[in-house]
Amino acid sequence: MTQFKISDYETIKNAMVNRDLKQALYDEGKVIMDGVLLTLHGEEHHKRRKLEHKVFQRDYFKYYEQELFPKTLDETIDPFLKSKKADLIDFGYRITMNLTADFAGIDRTQKTPNETNKLLTLVKKFSEGATLVHSKRDKSIVEKEVLDALDVFEIDFLKPSIEKRMKLISAYNNSEIKKDQLPRDVLTVLLMNEDDININDDIIKKEIAFYLQAGSHSTANSMTHAFHEIANWINNDKQKFNKIKNDPIFLQKCVHESMRLHPASPVAWRKPTCPVKIEKNTHLKEDDLLVMDLYTANRDVGIFGEDANSFNPDRELKSQQNLWGLTFGIGLHMCFGRDLDGGVSPNQETDPSKHQYGVVTLLIKKLFEHNVQRDPKNKPERDIKTERPNWGKYPVIFGEKK
Ligand code: HEM
């Protein structure tokens, strides 16, 4: 087996749309990732993606962002504002936990902090299992912890959520309710299985656990990186601070710029299903591994300019590239949460009052509305449990709302 590492932006783009390359990053995380959408290939992946795509439509994201999300955000941030401080990682996980649970189809019936804590602890364990390849802990211990967490998740959260949905689906089948009265989430879509694809109870359990961790981990980290970059950029400059507070379209650009610099997964891995040619002189055989360095590609000076390594929210791109680069992937496995988290890119005609900003921008906007600052007495720290360049804690304080 030979390992090939590529970091050229265009070469990675071509590899990501190549149907002869299959997902390989989660081979070590099989305990939780085996058989889930992100690890499927070919026809099986296509069918599952088509079925689940019913949930991830742009009109629903807009409705979610403008109608449902503000309430969840207020409820979640309120206790932090009262205590005038927060750890951004903790806050990020709490808010995105609710967001991804809504999309995955996991009910939080008690709506207590205790219940959120319980789900959060389970989902963090699922995350650790999925990214086992980058873990610095004993892998067999992590695997055992993940299996235990899956058991608890099944009994406490999944079963009640399935039971509720099965009753509703049965009412729909008996014409007692209309289709739009069914929950709009992945669990409902899988239980109804209108396309009659090959799934079973174990796949459903892993798929829902995958959704919970995929959405929450990446969103929480993305928000914290964005805050860090923006706070550095403001650097006590009152004018810049006001621009962040008063110009949400500019704020969204800042978030996209930070997403480019800090892709949730710094690499993507693929394995060929047959001999594949990647670049002029790179020929891969079936046993080889292709490591795509998204972190470096997103800093390609040919695409993003001479200052590609730094945070520049005024960056203008000549080509049709997305400001966030390859952060959400492209092609076969392109992220389902892209528009939900990143929103839609604005253009000259965009009306700021109707624009879809994406959840990460809305989170940062809310923080700045409450005059968030780094806690001067408590420094942020990197996450030492993983090789991924994430924050482990990020303490902030809030001022008066102005
Ligand atoms: C800033 C936040 C996020 C980032 C940076 C991100 C990044 C990514 C990337 C890079 C991939 C493709 C991986 C590959 O090609 O190997 C992916 C796939 C995926 N993401 Fe996200 N993600 C984010 C948020 C979300 C959210 C909120 C959800 C769901 C609510 C979500 C659901 C998915 C799903 C289902 C896939 C698999 C698609 C497939 O395999 O066909 N993501 N994400």
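Everything discussed here concerns the structure shown above.
Let us look at the structure shown here.

Basis of the calculations
Residues numbered from 1 in each chain as written. Predicted model: local features only at pLDDT ≥ 70, side-chain atom pairs only at ≥ 80, totals over all residues. Heavy atoms only, no water. Helix = DSSP H or I, 4+ residues; strand = E, 2+ residues; numbered from the N terminus. Rg over C-alpha atoms; globule rule 2.2 N^0.38 Å. Contact = heavy atoms within 4.5 Å. Areas by Shrake-Rupley, 256 points an atom, 1.4 Å probe, with all protein chains shown as cover. Lys, Arg positive; Asp, Glu negative; His and termini not counted. Charge placed at Lys NZ, Arg CZ, Asp CG, Glu CD. Polar contact = N/O pair within 3.5 Å; in protein donor to acceptor, adjacent residues only side chain to side chain. Pairing = 2+ DSSP bridges. Axes fitted to C-alpha atoms, helices over the stretch in contact; angles between N-to-C directions. Donors = N, O, S within 2.8 Å, 3.2 Å for Na, K, Ca; no water. Near = heavy atom within 4 Å. Nonpolar A, V, L, I, M, F, W, Y, C, P; charged D, E, K, R; others polar. Salt bridge = Lys/Arg side-chain N within 4 Å of Asp/Glu carboxyl O.

## Some points on the overall build of the chain
Then comes step 1: A count of helical and extended segments in the chain gives 15 helices and 11 strands.
Then comes step 2: In terms of overall dimensions, the chain is globule-like: its C-alpha atoms have a radius of gyration of 21 Å, near the 21 Å expected for 402 residues.
Then comes step 3: Each of the three principal axes of the chain carries a C-alpha extent, and together these read 60 × 55 × 50 Å.
Then comes step 4: Sequence separation of at least 24 residues holds for 72% of the intrachain contacts in the chain that already meet a minimum separation of 6.
Then comes step 5: Summing over all exposed atoms, the chain offers an accessible surface of approximately 19,500 Å²; the carbon and sulfur share of this is 48%.
Then comes step 6: Across the chain, the 62 positively charged side chains and the 62 negatively charged ones have centroids separated by 4 Å.

## Observations regarding the side chain of Thr 131
Then comes step 1: With respect to the helices and strands, Thr 131 occurs in the loop between helix H6 (113–130) and helix H7 (139–173).
Then comes step 2: A polar side-chain atom of Thr 131 sits 2.9 Å from the main-chain carbonyl oxygen of Ser 127.

## Structural notes on the sheet that holds strand E11 (residues 395–397)
Then comes step 1: Read from one edge of the open sheet, 3 strands run E3-E11-E8, paired in antiparallel fashion. Of all the strands in the sheet, the pair left with one neighbour each is strand E3 (85–87) and strand E8 (373–374).
Then comes step 2: Relative to E11, E8 is paired through 2 bridges, and the arrangement is antiparallel. Residue pairing across strands places Arg 374 opposite Val 396, the latter belonging to E11.
Then comes step 3: In the packing of helix H5 (residues 88–104) onto the sheet, contacts are made with E3 and E11, and the angle to E3 comes to roughly 80°.

## Thoughts on the sheet that holds strand E7 (residues 289–293)
Then comes step 1: Across the sheet, 4 strands lie side by side as E1-E7-E4-E2; this open sheet has mixed pairing. Either end of the sheet is taken by a strand with one partner, and the two such strands are strand E1 (3–6) and strand E2 (21–23). Taking each pair of neighbouring strands and ignoring which way they run, the sheet shows an average axis angle of 35°.
Then comes step 2: In terms of strand pairing, strand E4 (residues 267–272) meets E7 through 4 bridges, oriented antiparallel. By the bridge assignment, Val 267 is partnered in E7 with Asp 293.
Then comes step 3: Where helix H1 (residues 9–16) meets the sheet, its contacts fall on E1, E2, E4 and E7, and the angle it forms with E7 comes to roughly 130°.

## Things to note about the coordination of the iron atom of the ligand
When a metal holds four donors in a tetrahedron, each ideal angle between them is 109.5 degrees; when it holds six in an octahedron, the ideal angles are 90 or 180 degrees.
Then comes step 1: Exactly one donor from the protein chain reaches the iron atom of the ligand: Cys 335 (SG), at 2.3 Å.
Then comes step 2: Inspection of the secondary structure puts Cys 335 in the loop between helix H13 (301–304) and helix H14 (338–342).

## Let's talk about the site of the ligand
Then comes step 1: Taken together, 24 residues lie near the ligand, and His 45, Arg 49, Arg 270, His 333 and Cys 335 sit nearest.
Then comes step 2: For the ligand, an oxygen atom lies 2.9 Å from a polar atom in the side chain of Gln 23.
Then comes step 3: In this structure, an oxygen atom belonging to the ligand sits 2.6 Å away from a side-chain N or O atom of Arg 49.
Then comes step 4: Taken together, the residues that form the shell around the ligand break down as 11 nonpolar, 10 polar and 3 charged.

## Some points on the pattern of salt bridges
Then comes step 1: Under the defined criterion, the tally for this structure stands at 35 salt bridges.
Then comes step 2: Residues Glu 369 and Lys 365 are paired through a salt bridge, measuring 3.1 Å at the closest nitrogen-oxygen approach. Here Glu 369 pairs with Lys 365, and both are found in helix H15 (residues 359–369), just 4 residues apart, close to one helical turn.
Then comes step 3: One salt-bridge network, in which partners are shared between bridges, spans Lys 50, Lys 54, Lys 179, Glu 194 and Asp 195.

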